[in-house]
Amino acid sequence: MVETFVQSTDDVVKFLKGQHNLIKDMFEEVFSASDSKAREKAFVELRQLLAVHETAEEMVVHPRARNEIADGDKIVDARLHEEHEAKQQLSKLEGMDIDSKEFLDELATFRDAVVDHAEHEENEEFSRLQRKLDSDDLGRMAKAVLAAEAIAPTRPHAGVESAKANFAVGPFASMLDRARDLIGAALR
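Predicted model only: the values in this text are computed from it and were never measured.

Asker: What is the right way to read the nonpolar core from this model?
Answerer: One recurring pattern in soluble globular proteins is that nonpolar side chains are buried together. Formed by 21 residues in total, the largest nonpolar core has its most connected members in Val12, Leu16, Val60, Val61, Leu129, Met141 and Val145. Counting only elements with at least two residues in this core, the list comes to helix 1 (12–32), helix 2 (36–68), helix 3 (72–94), helix 4 (101–132) and helix 5 (135–151). Leaving out residues up to four positions away in the same chain, Met141 has contacts with Val12, Val60, Val61, Arg64, Leu129 and Leu133. Leu22, Phe27, Phe43 and Ala152 belong to the second largest nonpolar core, which has 20 residues in total.

Asker: In this structure, what is going on with the pattern of salt bridges? I would like to understand it.
Answerer: Any two side chains of opposite charge can pair, so long as their charged atoms come close to each other. The tally for this structure, following the rule as stated, stands at 15 salt bridges. The partner of Arg111 in a salt bridge is Glu28, with the nearest N and O atoms 3.4 Å apart. A residue pair is termed long-range when its members are at least 10 positions apart, and Arg111 in helix 4 and Glu28 in helix 1 qualify at 83 residues. Lys92 is the partner of Glu106 in a salt bridge, and the nearest nitrogen-oxygen pair spans 3.6 Å. Pair noted here: Glu106 is in helix 4 and Lys92 is in helix 3, with a separation of 14 residues, a long-range link. Judged by its relative accessible area of 27%, Glu106 falls in the partly exposed class. Taken together, the salt bridges that share partners define one network made up of Arg64, Glu68, Asp137 and Arg140.

The rules we used
- Residues numbered from 1 in each chain as written.
- Predicted model: local features only at pLDDT ≥ 70, side-chain atom pairs only at ≥ 80, totals over all residues.
- Heavy atoms only, no water.
- Core = buried A, V, L, I, M, F, W, Y, C linked by side-chain atoms within 4.5 Å.
- Buried < 20%, exposed > 50% of the residue type's maximum accessible area, 1.4 Å probe, protein only.
- Helix = DSSP H or I, 4+ residues; strand = E, 2+ residues; numbered from the N terminus.
- Contact = heavy atoms within 4.5 Å.
- Salt bridge = Lys/Arg side-chain N within 4 Å of Asp/Glu carboxyl O.

Below, the structure is given as structure tokens:
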């Protein structure tokens, strides 16, 4: 199972911002890995967290933002477009030689896009939700995000960026992803 390593679960915004910070740190772990095995391990952990994190946002946070904040549809549609592109980039990275300069260059570009995406979410979506919702709602959403992450796919699936698509395809994709992860770990 993917570990989220974030302490605060009483407020969905604090929880997701904590994950954003963790994701930034995990990128640096991939870049600073001392050897191929360490880089692969760090990249797999990063990929898994990104996949479950984005799935949970797509299932829980974005639908709520659409309904609760001004220009919610416009804001969420822009984030979903970024998430689709990120999933495509992450899939491309998965197929590359982890020790190549090309991988590191692509990873740097990907990291910059992910950080930019996170900043947009925090400034345009999360902060507005935090102002609009009471602490009980934010707490319930944090619990829903944790539940979504527990069953989310651990690999990127471009084209599955809506709550409806995640509920329809997610459980099957998750089962396959987690089996692939276990088999891959056994073969390393």
